[in-house]
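Geometric and topological summary
Listed below, chain by chain, are the residues.
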Amino acid sequence: MSQNAASAGPESQEPGGGAILSVRNLSVEYKTGQRPNDPAHRAVRDVSFDLYPGESIALIGESGCGKTTLGLAILRLLPKLGSIPAGEVLYRRRDGTTVDVLRMNPDELRRFRWSECSMVFQGAMNSFNPVLRIWEQMYETIRAHDRSVSKRQAYERSAQVLEDVELDPARVLKSYPHELSGGMRQRVLIAMSMLLNPQVLILDEPTTALDILTQRAIVDLIHDLHERLDFAMIFVSHDLAVAAELATRVATMYDGEIVEMGDVRDIFYRPQHPYTKSLINAVPTVAEKSSVLSGPAGSESDG
Amino acid sequence: MAELLQLDSITQVFKTRRGEVRAVDNVSLTLSEGSVLCLVGQSGSGKSTTAKIASGLLSPTQGAVRFEGEDIYARGKDHKRRFKKFRRAVQYVHQDPYASLNPIQDVMTTLSAPLWRHRLVKTRAEARARVCELLAQVGLTPVETFLPKFPHQMSGGQRQRVAVARALTLGPRLIIADEATSMLDVSIRIGLLNMLTKLRTELGVGFLFITHDLAMAKHFGSDGDMAVMHVGRIVEFGPTLDVIANPRDSYTQALLEAIPEPDPDLARRKRAARIAARQAAQIGGDTS
Amino acid sequence: MTQILDPSATEFKAPPPPDEPRVGVFRTVLRALMRSRTGFVGFLVLLFIVLVCLIGPFFTPDNVPTDVSKQFAPPSLAHPLGFDNEGRDVLMQVINGGRPVLFVGFMAALISTVIAVVFGALAAYLGGRVDSLIVTVTDIVLTVPGIILLAVLAAFYRVGSSWALAVILGVLGWPGLLRAVRAQVFSLKEREYVEAARLLDLGTTRIVIREILPNMASFILMNFVIGMTNAIYNLAGLYLLGLAPMEGDNWGIMINFAWTRGAIFYQSSFFWIMGPVLAICILQLALVTMSRSFEEILNPRLRHN
């Protein structure tokens, strides 16, 4: 069970004190069968943490630990079989008021999504609508969350975000998804998530399925955007190296719980929890000199 | 060390709607008994096609595949015998543990099928004993519990170990591992690689280890050789540690530079160096 | 400093996966059947029809007695389906008439499924010239219009028995299924476990029979069931056109006689034509809905869920 209320960040115990996003005792369940008596699987158990302005938190863990589910739950984008039996997600708006995302009505939720908090989904670079041009998809996204934006404003904003991700707007906006490479599509997705200038950006496995050179470009891009622009970031990854590059704080998840959380250097150089230690030990490095422990680990019997 | 498998100027051309694609372009590799060769490349580099050619699943458009000096595809009187000898000596482990095992067969059936087929056992007791031995070799213990299991009842790492056990049934001298760890969880990978290393040291099985992950290659193949592939060609070859420490080819250098480091301070230093290099290049360009 | 949010876990050890209790085959099949409610209902209805058609005739006279005084008599409690133009009880005829239909339908489906599976799998697995040959023959048979071929065959070849009828219908049904089987085998052939079997030199026969076909078992079964429904429809069609031997009481003959002897003109003889028609329709419906359960029975992944 993780400790509630206290988080490993510099500020206090009160909900939202300085933090932009406070997750408090959040639990998420998935139904395992159609009948009401079927047991539910707890994908996220009693998770709490705070996200401060300008921070970048990495949620690391292996498959099935609940990190993606946690990301989706914050935006209430869980699939039909998922439900949130307990917890709060406190969000501090730009005007200073705090609101619980889990208690928002559909209208507020629609405005919250994308303009306050947006997400880049795992593997989404392969789920573009193949028959719509990029401009159309960006325009639809804007319109879905903010009706007040005019077509001209939407166009300007789309061009702006594409420039931010180092793409040529004139060319990309009129392209179809299949005309762009995997790396370019990932950049477009990142751009789309920034369209309405959110305060919080959640990225789920932003570099999986990309080749090393493209991965390097995207990691550098994300780092750059994070430094330049004003948003706080939560990213989910199973790749510790990406976490080391991009995070200011790291939370290790196992079986739905956060087992350790702290500053990135502490987690990598002085891990305390046995699971974190085993994860760090399991990542081979190419660099010769490195202060991170490396070497063989892991038991044989369970494979 | 004796030469086991040799790929001699292999070229593979695929005909697609857009014309011809040279997936593999004039590649030559030699694998010796008991040694490890890491074939590193990104997607589209031709490494998987090379693996398929080396394992005899695909015959190359040009070039020869020699096993113990004899061309396995050459027509001749004892072509069948040569190919059969090759088949038993060279085996393959697939990337996807979820697809490489027949979903409706349990572990005992999957592992005993090749034993029966090639008459390596005569009784059921013998088959069972041999299967248990194989399971123990790949670290799946207690072995009896695994015999009746179906693939969906096992984790990815366990399935991959069963796949390795299957590859061991015919007593191979070379195993081609095609991205065998890519779909496994991070903490499971090392366990699997250590098991493969044990097979190398205890049974003398050689490995052709194909991966896109240079760090994984370095860990597994540190006392072997590394070949880096790019658009179908081998752009760099040499002892693994040497290639990583002193890459001569620009593509290899770019790859090594691009690898993210699981070390926050190092990552920061490398990024600063990259930015400095870029700025220097820009300034250099302005003043020229 | 980092904070351990789970101080109780001082040593980390992954829990072993839970062991499943062994359950007998019968229980799992029953559970799988029940998983799809419509499928299970279909199965029960089919079971009922099969039992009635196989056992029922022991309780009804072999030759349903005629009674001219009861011509087209309306249905009553003792004779729920009324009488036909010869004063014979329609219900008894329906009970008697199912067995030949079931037999011919089943055998025809079996013949066409076996041909389709054997040749479709070989064509896809071996490829090359074998494949081209089989596909060409299939296409030729496929382009011939079924019912016309049936009519011609039935007219020229003196159809003397149920077996002959089954063969004719079976020979017509295989092209469509062959193409479907071939497509499935093509896709399964590329699966990694099939490739692994090839690498282990397990042999073509073994690979096709043990690795490929079992993974298509539900597909084959479903197509078998559909083949059976097609055969039954074609059979009814043949009887209606009078191209099949008019001996016995089967449903097809009943429809033919009812149609040609004016049952549609009398209100009270409604069941003479509707009896067999409904029987056929309910049988078909049962077959089709039951096939929904098949996927679950044969896939252990779903079985153990």
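Residues numbered from 1 in each chain as written. Chains lettered and ligands numbered in written order. Predicted model: local features only at pLDDT ≥ 70, side-chain atom pairs only at ≥ 80, totals over all residues.

Scanning chain B for helices and strands turns up 11 helices and 10 strands. A buried classification covers 47% of the 288 residues belonging to chain B. When contacts within chain B are restricted to residue pairs at least 6 apart in sequence, those whose partners lie at least 24 apart make up 66%. (Helix = DSSP H or I, 4+ residues; strand = E, 2+ residues; numbered from the N terminus. Buried ≥ 20, exposed ≤ 12 C-beta atoms within 10 Å, placed from the backbone. Contact = placed C-beta atoms within 7 Å.)

Residue and element names in this part refer to chain B. Each neighbour pair has its own omega, and for Thr-141 with Pro-142 the value is -5°, a cis peptide bond. Position of Pro-142 among the secondary structure elements: in the loop between helix H4 (124-137) and helix H5 (143-146). Its identity is not glycine, yet Ser-9 carries a phi of approximately 50°, on the positive side. Positionally, Ser-9 belongs in strand S1 (residues 3-16). A tally of 12 C-beta atoms within 10 Å means that Ser-9 is categorised as exposed. Non-glycine residue Glu-179 carries a positive phi angle of around 50°. Along the chain, Glu-179 falls in the loop between strand S7 (174-178) and helix H7 (186-203).

With that out of the way, let us pick up the confidence of the model for chain A. Residue and element names in this part refer to chain A. Confidence along chain A averages 85 in pLDDT terms, with 88% of residues attaining 70 or more. Mean pLDDT across the elements of chain A bottoms out in helix H2 (residues 106-115) (89) and peaks in strand S3 (residues 56-60) (95). Every residue in residues 1-16 scores below 50 in pLDDT, and together they form 37 contacts with partners more than four places removed in sequence or on other chains. Throughout residues 289-303 the model reports pLDDT below 50, and contacts reaching past four residues in sequence, or to other chains, amount to 45 contacts. (pLDDT = per-residue confidence, 0-100.)

Take Ser-132 of chain C: it is sitting in helix H4 (residues 128-143). For the pair Ser-132 of chain C and Ile-264 of chain C, spaced 132 residues apart in sequence, the C-alpha separation works out to 50 Å.

The next thing to look at is the domain arrangement of chain B. Accessible area lost when the parts come together is the quantity often used to give the size of an interface. Residues and elements named next belong to chain B. Assigned domains within chain B: domain 1 (3-248) and domain 2 (249-288). Computed from C-alpha atoms alone, the centre-to-centre distance between domain 1 and domain 2 is 35 Å. The interface is formed by 10 residues belonging to domain 1 together with seven residues belonging to domain 2. Looking at the side of domain 1 that touches domain 2, the elements that each hand over two or more residues are helix H8 (214-220), strand S9 (225-230), strand S10 (233-239) and helix H9 (240-245). Each residue belonging to the side of domain 1 that touches domain 2 can be placed in one class, and the counts come to seven nonpolar, one polar and two charged. (Domains from an automatic or database assignment. Nonpolar A, V, L, I, M, F, W, Y, C, P; charged D, E, K, R; others polar.)

Listed as interface residues are 18 residues of chain C and, on the opposing side, 21 residues of chain B. The set of elements that each furnish at least two residues to the side of chain C that touches chain B consists of helix H7 (192-199), helix H8 (204-212) and helix H12 (300-303) of chain C. Sort the elements by how many residues they give to the side of chain C that touches chain B and H7 of chain C lands first, with five residues. Within the side of chain C that touches chain B, the residues separate by chemical class into eight nonpolar, three polar and seven charged.

Moving on: the interface of chain B and chain A. Across the boundary between the two partners, chain B contributes 37 residues, which contact 36 residues of chain A. At the level of secondary structure, the elements contributing two or more residues to the side of chain B that touches chain A comprise helix H6 (156-168), H7, H8, helix H10 (250-258) and helix H11 (264-287) of chain B. When residues of the side of chain B that touches chain A are assigned to their parent elements, the largest contribution, eight residues, is made by H7 of chain B. Across the side of chain B that touches chain A, the residue classes tally to 19 nonpolar, 12 polar and six charged.

Attention now goes to the packing of helix H3 (residues 90-126) of chain C against helix H10 (residues 251-260) of chain C. Residue and element names in this part refer to chain C. Across the interface, H3 lies against H10 with an axial gap of 7 Å and an inter-helix angle of 125°. By the angle between their axes, H3 is oblique relative to H10. Residues Gln-93, Gly-97, Gly-98 and Val-101 of H3 pack against Trp-251, Gly-252 and Met-254 of H10. (Axes fitted to C-alpha atoms, helices over the stretch in contact; angles between N-to-C directions. Parallel < 35°, antiparallel > 145°, perpendicular 65-115°, else oblique.)

Residues and elements named next belong to chain C. What H8 keeps buried is the set Ile-207, Val-208, Glu-211 and Ile-212. Each buried residue of H8 lies within a common arc of 110° when the element is viewed along its axis, so the set occupies one face. For H8, exposure combined with an orientation more than 90 degrees from the buried face picks out Thr-205 and Ile-209. The inward-facing, buried residues of H8 contact H3, helix H6 (162-189) and H7. (Arc of directions from axis to C-beta.)

The next subject is the domain arrangement of chain A. Residues and elements named next belong to chain A. Considered domain by domain, chain A is made up of domain 1 (1-116 + 199-303) and domain 2 (124-197). With 14 residues of domain 1 in contact, the opposing surface of domain 2 contributes 15 residues. Among the secondary structure elements, those contributing two or more residues to the side of domain 1 that touches domain 2 are H2 and helix H7 (212-228). Broken down by element, the residue count for the side of domain 1 that touches domain 2 peaks at six residues, all from H7. The residue inventory of the side of domain 1 that touches domain 2, partitioned by class, reads nine nonpolar, two polar and three charged.

What follows covers the sheet that holds strand S5 (residues 98-100) of chain A. Residue and element names in this part refer to chain A. Judged by pairing direction, the sheet is antiparallel, and its four strands sit side by side in the order S2-S1-S4-S5 without closing on themselves. The sheet is open, and its two borders are formed by strand S2 (40-51) and S5, each paired with just one other strand. Looking at each pair of strands side by side, their axes are set apart by 10° on average, direction ignored. Relative to S5, strand S4 (residues 82-92) runs antiparallel, the two being bridged by three bridges. (Pairing = 2+ DSSP bridges.)

Right, let's get into the pairing of strand S8 (residues 206-211) of chain B. Residue and element names in this part refer to chain B. Counting buried residues along S8, six of its six residues qualify, which places the element largely inside the surrounding structure. What you see with S8 is no split at all: Gly-206, Leu-208 and Ile-210 on one side and Phe-207, Phe-209 and Thr-211 on the other are buried throughout. Two strands pair when backbone bridges link them, and strand S3 (residues 36-41) and S8 are joined in this way by five bridges, in the parallel orientation. Note on S8: the bridge partner recorded for Cys-38 is Phe-209.

In a beta sheet, neighbouring strands pair by backbone hydrogen bonds and run either parallel or antiparallel. All names here are of chain B. Ordered in space as S2-S1-S4-S5, the four strands form an open sheet in which the pairing is antiparallel. Looking at which strands have only one partner, the edges of the open sheet turn out to be strand S2 (19-32) and strand S5 (70-71). Along the sheet, helix H1 (residues 47-54) contacts S1, S2 and strand S4 (62-67); its crossing angle with S1, the most-contacted strand, is approximately 125°.

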